[in-house]
Structure formats: C-alpha cells, structure tokens
Amino acid sequence: MRWKPCPISIAFAAALLAGAASVRAAAFGSVVPIGGHVSDFALDESRGILYIANFTANRIEVMSTADRSIRSSMNVPPQPGAVAVSRDGQYLIVAHYGNWADGDPMRNLITLIDLPSGARQTFVTGEPPLGVAFVPDASGNFSGPRYRALIVTTTSFVLLNPVSGAMQVLTTFADLSPQSLPLSAVTLPSKILKTAVTASGDGYAIWGIGDGGTGSQVVFCYDVRASRVYALPTQSAPPLLPRVSVNTDGTQAMIGYAMFGANIARITGGLVPRFQNGVVLAQYPGAVASPAPYTQAATLSVMDADNLTLRDRLMIPENIVGRASLSADGKNLYAVSDSGIMVLPVGSLNQYARLTVSQEDLFVQANFCDRRVLTRTLTITDPGGGNTDFTVAVDQPGVSVSPTSGVTPATIQVRVDPNAFQAQTGSTSIPLVISSRTAVNAPRGVRLLVSNPDPDQRGTVIPASGRLTDMLTDPQRNRIYLLRQDKNQLLVYDGGSYGLIATLRTAATPNRLAFSIDRKYLLVGHDNAQAIYVFDLDSLQPADPVLLPFGQYARSMAESNAATLAVVREGPGAAGPWIGAAAGAASIDRIDLPARQASSLPTLGIWSNSVSADAALAPAPNGASILLAEPDGNVKLYSASSDTFVAGRKDLPSLKGAIAASSYESYVIGNNVLNKALVPVGTLDSSTGATSGFAFVNQGGFRTTGASSSGPGAIQNLATLETTAAKTARMVEAPLMPGSGMIFTRTVAPLVPGASVAALTTSGFTVLSWNYDAAVAPPAIASVVNAADGTKPVAPGGLISVYGQQMSPVNMATRQMPLPTALGESCVTVNGTPVPLLFVSNQQINAQLPFNVSGAAVLNIRTPGGTSDNYYFTVSSAAPSIFRSGAAGPLTGLATVVRWNNGELVTPANPVHPNDILVVYLTGMGVTTPEVD
C-alpha cells in the first residue's frame, strides 16, 4: 500500500541520549553572530545566500554561504517572523508578526519580494501570520504562475498567488496562541511565535506545529496533492518545541522530540532534527536554559533515523534555538543558534578529529586458579583515520591503564589486580573515562566489570553490554532473548553455547517481551514508540508490527489462551492525545495479533480501565490467567476462561520486584505470595534480600534475590511456595533490581528443564546448572591428548583436550580474547600455571597449554565440587599433530592440508602437484621465536 504523506501517526523520543559535557573541548562548526534575534531563515542555494529574519532589528540579513559574511540587509516592516524562498529563486516571502496588545490587524503583514528586480508587494493578513512555505501546482511545477505560497496564520491556512496577489483560504481552525507583544522579559522569537513550518524535500507536504493554548499544541500537515490539511491537537510532557524537519517525500516529520508519519513513526527525537543518509541530527540541550552558560557545551546527537539509536555526539559552539536546514549536497547544516546562525560542516566530518573505542565493556573475572594481574586490551581510533590525542583515566585501586595518553590509533592495556578486590564478592563496575583536547565528539567511556567470586558462588557470567531491561527463555528452541534498551536491540543467544546468534533492531527504548500464545512470535513493547514489534521466532526476522492507538506506548504485555493484553501508557483522552514520558494514566489494551491492531478494553471486569503507567503483567505458563500488579498495591487477575478480570484486591501498601503467575493459581509479587483470590497468604524468606525474579516450575520455582549481608545476590530453588527448605546458593553476581522505569522485574527463567537456568545480572546474564546446589563429586581426569588427532604427544603452546568426569557443571565455549583461565565455574592448572580455556563440559575440556611448561607436568582441575587428583603427563618440546577434521563430499576425518591455488583439501580427487603451495592446520609446534606471552 502506498504511503500518503500526511495522515498522522507518531512516536515519542525521551530526551535522554545526550547530556551536556562538563568541560568544553574542541567544537565542531562555527557561528555567524547577528545583531538582534533571529526568528527564521531561508536557504537560496542558487545564489549561495541565506536570508535571515532579524525579528528585533526589522530587517532581512543577507549572508553569503561561501564566506559566511553578512553582505547586505533589507529593511522590512516590523517583526519578520518567518521567511521562505521559492524553488525557482524568484520570490522571497516574509511573514510579519503583528500580535500586539492593541490588536491592530494592520500590523499583520506579508512582504513578497521579487528577488531579481527587488520589487516588493505588501499584503495584510488580518490575523498574525506565523509560518510560510512555497508549494507546487498540481503538476509539480515550482515555476510559472501556478505555484503558491502557503501562509499559516493563527486561524487559517491561506494560499497566496505571488503573481496576482490573490489569497485563498484553504481551511480555518481554532485559534493558535502565540504570545502577545510587548513582553515584560527577554524571550526568544521561537518562544513568542511558538510555531514552525517546514516543507518536505519534494514540496508536496508542509508540516508544522503551533501552540493550541491551555497546555495543548496543534500538529498539522498540508497534503498538496490532495489539497487537504490534517491537524491533530496534542499534549506533551515536556511540550514539543517548534522545531520541524521533514524527509524528502513528506512521509516522516520530526517535530520537537517526536516523529510523525504515515507509517509506524518510530522514535526519533531532538529539538533540531535533520534527516541525512539514514541518520537524524538533533540537539538535546536537556534542562539547560537557552542561551546556556558559556561553561556548558552544547552537543549535536547523530542517530539512526529508524529508531534513533545514538551513534555519536558532536560538541557544537552553541545551542540551536530555531530552524535548521541542510544544504542539498549534504555538506553544511545551517541553524539558528544563540548568537545568530551556526554552520556545521556535517558533510566533511571525517576531516575533524574524533575518537571511537572498540569496546563498551571489559569483563574481567578472577578465579581461584589465577590470582595474577589480569590484562585486557581495547583500541582507540579516529574514524576519519587521523592521529587524535586522547587521555584515559581510571580512579580505582588495583586497576591501571597503559598508556594513559597518546594519539590514535592506539592499543590500551587495562591491568586488574584481583587481590585488590578480595573484599568484593560480586561484580564491581569501574568507569574508564576517555577524553581529548582536539576531538569534536564526546567519546563514550568504557565500563570495566571486575568479578571476584568466592569458590562457593554459583553461575557463569555471559557478558552483555548496555542497559538490559527484560529476559525471556525459549526452551523449545533453546534460546535466551534479552532486550537492550540503550541500543534499541533484541539480543538472541544460543542456549547451548551461550553465544550471540542474532541482533535484531527494535523501535525506540524497548522495555518488555512477551510470546504469542502459540510461541511462534516474540512481541516487543517500547516506552517511546507507538507500535509493538513482532519477530518470527523460526526465521528470526521481523514481521508486521502491531499498531497501537494514537498516543499509546506498550510498557508490559502478557499472553493467555483467550487474549494477549498490554499495559499502555497514555494521556487523558479529554485533553487529546498525549505524548511524552510524563504522561498521566495508563490502561489495558487487547492485542489482536492476526490483525496487527490493539484496542482499549471498555472495563477491567467491574473495574474501570485505568492503571498506573508502571503496572506490569505476568502470564501463567498454562495460559489460564494473567496477573496485573501496580506499585501502589493494587492487583487484579484476568481469567482466560471468563475472558475478563475476575479478582481485584489492595491489601498491601506498595509492591515492587518480581512478578510471576503459576499454572496452579498461585502468584508471587516481590516477597509476597497470593492465592487465586489475590489474597496474601504468605511471604518468602527475606534473609537473602528482596526478590528480583521468580519463575514458576510446577508449584515451586526459581527465585533470585538482591544483595544482602551474605553476598551480592542469591538464587533459590523452591519445591513449593510453602517450603522452608529452599535450596539457596550465592550467585556469582547480583541480579538486576527494581529501579527507575523498572518497578517490576523479571530476572530468572529456566532454559532447558532439568538442565540450566538463566538470570539477568549486573554484567549481562548468568547461567547456572539446574542442580546448582547439588553435592558434586570432585573432577576426575582420564586423559590428556592433543586436540588435533587425539594422540598422546603434546607440546608447549599446543591445543589439548582433557577427558574425564565432573569437569564442569555447564557446557560452555568462548571466543573471548585473550582466552580466559576460568570458564563454566572450572579452571585448570599445569605445574601451577593457569591454562587458557576454549571449551568446558562435564566430560571434556579444550584448552591451550602454556608456553612455559615442558617435561614432566602435573594437571589439576578445580570446580565447585573440589579439586581433581593430580594427573601426570609429559610435555614434549615439539609434537606436531595435524587436525583430522577435514571433510570433502562423503569423505570425513581428512587431514586439514589445503592446496593454496584452489583452497580445497588435498584428496585423491585434488592431489598435490609439484611446486604446489600447501597450507597445513596443526598444533604442537612448540615454543616460538620470538616468545609468546
């Protein structure tokens, strides 16, 4: 179906992505000061001129885009508030704001300037004109007698014929409400007019915003082809500033911090957005007043246009306070700034010094086999290839970086002394602060995570960067799904290897996950996008999304056999659609997945459909019910058999933490246990801390709790909710706990029944065996062989396989570099030297022998079950062994010898010829020259 340019849908962007920097660094771009206050400008690329409306000096400044100098000025009637230049360069139109207290309509004027001749015409509009733009005729012409100037006044849309001077009223509407003059305090023109109007790249859609009075605003769009105006009264928190940017065909418009469009308007946000090559450029000055203090640096965010994922932040000279316009060649962004006009050379960004860092997180885990200083590396580069200065700072005993400063490209070594963290039993987060004197961007810092568990702490940490908000496991496909909110991503992990197998893009700020009742689809709700994304779990591809009613944002979802429900944040219906994170109430929607639509329930049984925006839903595994909990203590229960809410209570003053529903009509919220009437019937043991996650298994389940005096967090396996003999173990690191925007948490889930459990924790997620608390026999070693062909000879630095029993409670492989010396709660030493590990399991470990061992050797394995007996073997100086893992057609177990000229294995059908170059894959070559650490 073809998009229509103007019918409005919306998504909201919270201004969270870019805080102002604390110190000024190098700035990107330059400022042309203007003696007065700029209200608008128009770019005339054919002449290389910017026509700048000087609102307070009553003139149009003419600036050359070549040398950025003010060449001349045109004196015009008072208060030129908005300007536009026709596409053929024939006319400049100026709207004069005459909204004075005396109400004299003769102050409200339009000046039309014939640019080649300089001739002027003046027209009286009666009502104050607020915005202007040129539109084509029906055939798309921007020249000749048929194109028009669109004038937006406080009461109407008017088309002006620039040749005849005739005016035609397109439509009228309720009055817009700019401020009246004179004013008692200094106020920028944008806050006086409260209106902005911008044309799409092709000119067929004119988008804008005006103030509707009494806290409301009006978003409007004129569809030129249909000769129709669409208008939408809205409320927002904070209000949408009058900043409008439109894409080429008019199907998307950024207005303030929200994107409007005819399709799913995914999040975008910023006060001055511009579209360019799949990105949006926008400023987030936050709460800083404009003009900002000179010590506070303004930043321009560079974001993906589809969901506003932050790519970079550029330090700019001043805050942007009005219109921004990108040159047709994409080289320069012109914007109204605090002092006048700011020019940002966005097309030549690679010529400016910038910094990027190779990793967001560095995870370092000490273990009882290895108390040496541990080293991790990261690289700092300039994306433009330049040599840019940098400084790396860290303030933490036991952590050092080298070098602490230099120029790009550079490799930084981060050294961690585990002995400095002996008092810490969880994971410690340490910021590495990266700065530069010459870089024009604000580089991201790096989060160093140091894990120093005691031998009795359970679990293996799988690092995952960013702000993680929810987790679901999929036993059917043996997968783990995580939502990463700061990057707008759905992360998919394999439940066997725990490797990342897919990264899927979501809309803005994803917060909650839910399955479809048939488990074919995964649903993603968002704090700031008016759609629920749907992913096909068999193909791991996006499917058509669920469109929510205007002004609604799904914050929690749950499925049942009769209906899928969602808590949707919304505003008061009587006041019009509501935009923004500070919206008022929320309600419950019913999701029609086949139709990809949602609608509000008329009531929640006998109760009104009004809940807290922080309410959460939890589905029963058998699809029979859905539990609803609110922070103020209100709880309700939806019954699939009755297809309505059948129970509601408020026995507790407040609720937070874990939320879970069972298939046996019992429920957990925080530390509270509720029966099928939602009456509190007990509390869970609080000695291990507050409940962070609960996952029912039959009539009991797994429970994770937060920090207590005994450790950073704990996991329990409860046979029933009434049991007092919970199987409790300290976890290797703390689970995520309730916080801002996440009152109710879901941090534990069984992966493969009877095999493993996953928990959402500080550094990513932690995997534990199902019987994490069971008594485990010490590991037993049967043999040590080279990993290539399974024979006995091994050599320093060679890859080996260790076979035996009880060698690890979980199966796990790693791609981490350098290789870790602990994996899956197991570690190995040879002659007391920790061994780098590649793979661990109950019966096999793959590892690399250290280079410093030779001759008689003793191998030990340490696990939660204890330490193995000594295993004696011999390390030869060299023991070359060719890998026998090759396959060619039906032939398997072939030696991995490859002919260079065709890249194929040597076989009878692909024999070696004289002068062939061969590549042989093998291990056991012994020590190297030079030596390897």
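Every chain begins its residue count from 1, and numbering advances along the sequence as written. At least 70 in pLDDT is required for a residue's local features to be given in this predicted model, at least 80 for side-chain atom pairs to be given and counted, and no such filter applies to totals for whole chains, interfaces and linings, which use all residues. Based on all heavy atoms of the structure, the side-chain values leave hydrogens and waters out of the count.

Chemist: Give a detailed account of the overall build of the protein chain, specifying residues and quantitative values.
Modeler: Secondary structure elements follow DSSP: runs of H or I of four or more residues count as helices, runs of E of two or more count as strands, with numbering from the N terminus. Of regular secondary structure, the protein chain possesses 1 helix and 86 strands. This radius of gyration counts C-alpha atoms alone. The globule rule is 2.2 Å times how many residues there are, raised to the power 0.38. The C-alpha radius of gyration of the protein chain comes to 33 Å, within 12% of the 30 Å expected for a compact globule of 933 residues. In terms of principal-axis extent, the alpha carbons of the protein chain reach across some 100 × 75 × 60 Å. Counting only residues that meet the buried cut, the protein chain has 56% of its 933 residues in that class. By definition, residues are in contact when any of their heavy atoms lie within 4.5 Å. Within the protein chain, contacts between residues separated by at least 24 positions form 52% of all contacts whose residues are at least 6 apart in sequence. A total of about 36500 Å² of accessible surface is found on the protein chain, and carbon and sulfur atoms cover 52% of it. In this tally, Lys and Arg are treated as positive and Asp and Glu as negative; His is ignored, and so are the chain termini. A single reference atom marks each charge: NZ on Lys, CZ on Arg, CG on Asp, CD on Glu. Here the protein chain contributes 59 positive and 61 negative side-chain charges, whose respective centroids are spaced 1 Å apart. Residue burial is assigned from relative accessible area. The probe radius is 1.4 Å, only protein chains are included, and a residue is buried under 20% of its type maximum, exposed over 50%, and partly exposed in between. The accessible surface values rely on the Shrake-Rupley method and a 1.4 Å probe; as for residues, cover is taken only from the protein chains in view.

Chemist: Tell me about the packing of aromatic side chains, and please be specific about residues and values.
Modeler: Working definition: rings of Phe, Tyr and Trp (its six-membered ring) pair if their centres are within 6.5 Å, and the pair is stacked with planes under 30 degrees apart, edge-to-face with planes over 60 apart, and tilted otherwise. Going through the model one piece at a time under the given rule, you end up with 13 aromatic pairs. For the ring pair Phe702 and Trp770, a centre distance of 4.9 Å and an interplane angle of 85° mean the geometry is edge-to-face. Here Phe702 is found in strand E63 (residues 700-705), whereas its partner Trp770 is found in the loop between strand E69 (764-769) and strand E70 (780-786), with 68 residues between them in sequence. Here the aromatic cluster, defined as three or more aromatic residues joined through ring pairs, consists of Phe157, Phe173 and Phe220. The criterion for a charge sitting over a ring is simple: Lys NZ or Arg CZ within 6 Å of the ring centre, and within 35 degrees of the ring normal. The residue whose ring lies beneath Arg225 is Tyr204, and the NZ or CZ to ring-centre distance is 3.7 Å.

Chemist: Describe in detail the pattern of salt bridges, supporting the description with residues and values.
Modeler: Whenever a carboxyl oxygen of Asp or Glu lies within 4 Å of a side-chain nitrogen of Lys or Arg, that contact is scored as a salt bridge. Counting across every chain of the model gives 26 salt bridges. Between Arg71 and Asp67 there is a salt bridge; the shortest N-O distance is 3.1 Å. Of the charged contacts, one joins Glu360 and Arg484 as a salt bridge, the two residues approaching to 2.4 Å between their closest N and O atoms. Within this pair, whereas Glu360 is found in the loop between strand E29 (356-357) and strand E30 (361-365), its partner Arg484 is found in strand E40 (residues 479-484), the two being separated by 124 residues in sequence. Residues joined by salt bridges that share partners form a network here, namely Asp304, Asp306, Arg311 and Arg505.

Chemist: Kindly report on the sheet that holds strand E26 (residues 320-326), identifying the contributing residues and their values.
Modeler: We call two strands paired when DSSP finds no fewer than two bridges between them. On the basis of which strands lie adjacent, the open sheet formed by 4 strands has the order E2-E28-E27-E26 and antiparallel pairing. In this open sheet, the two strands that pair with only one neighbour each are strand E2 (30-33) and E26. Going across the sheet, the axis of each strand differs from the next one's by a mean of 25°, ignoring polarity. Of the strand pairs in this sheet, E2 and strand E28 (residues 340-344) are connected by 4 bridges, and their pairing is antiparallel. Opposite Val31, over in E28, you have Met342 as the bridge partner. Angles here are taken between N-to-C directions and fall from 0 to 180 degrees, while the axes themselves are lines fitted to C-alpha atoms, restricted in helices to the stretch in contact.

Chemist: Before we move on, could you go through the environment of Val31 and cite the residues and values that matter?
Modeler: Along the polypeptide, Val31 turns up in strand E2. Given a relative accessible area of 25%, Val31 falls into the partly exposed group. Taking C-alpha positions, Val31 is 4.3 Å from Met342, a pair spaced 311 residues apart along the chain. Look past the residues within four positions of Val31 in its chain and what remains in contact with it is Pro317, Glu318, Ser337, Ser339, Ile341 and Met342.

Chemist: Mind laying out the nonpolar core, listing which residues take part and the relevant values?
Modeler: Definition used in this section: a nonpolar core is a set of buried Ala, Val, Leu, Ile, Met, Phe, Trp, Tyr and Cys residues joined via side-chain atoms within 4.5 Å. With 41 residues, the main nonpolar core has Ile480, Leu482, Val802, Ile845, Leu859 and Phe873 as its most contacted residues. The residues contacting Val802, other than those within four sequence positions of it, are Ile781, Ser783, Val784, Met807, Gln843, Gln844, Ile845, Leu859 and Ile861. Grouped together as the second largest cluster of nonpolar side chains are 22 residues, Leu374, Val416, Ile434 and Val450 included.

Chemist: Report on the state of the cysteines, specifying residues and quantitative values.
Modeler: Throughout, a disulfide means two cysteine sulfur atoms within 2.5 Å of one another. Enumeration according to the criterion identifies 1 disulfide in this entry. Note that Cys369 is cross-linked by a disulfide to Cys827, the S-S spacing being 1.8 Å. On the S-S bond that ties Cys369 to Cys827, the torsion sits near 65°, and the link is right-handed. Residue Cys369 is found in the loop between E30 and strand E31 (374-381), and its partner Cys827 is found in strand E74 (residues 826-830); the two are separated by 458 residues along the sequence.

Chemist: Could you give me a rundown of the sheet that holds strand E12 (residues 148-153), with the residues and numbers involved?
Modeler: With antiparallel pairing, 4 strands are arranged side by side in an open sheet as E11-E12-E13-E14. Looking at which strands have only one partner, the edges of the open sheet turn out to be strand E11 (129-135) and strand E14 (167-172). If you compare each strand with its neighbour and ignore which way they point, the axes differ by 20° on average. Pairing between E11 and E12: 6 bridges, direction antiparallel. Note that in E12 the partner of Val135 across the bridge is Arg148.

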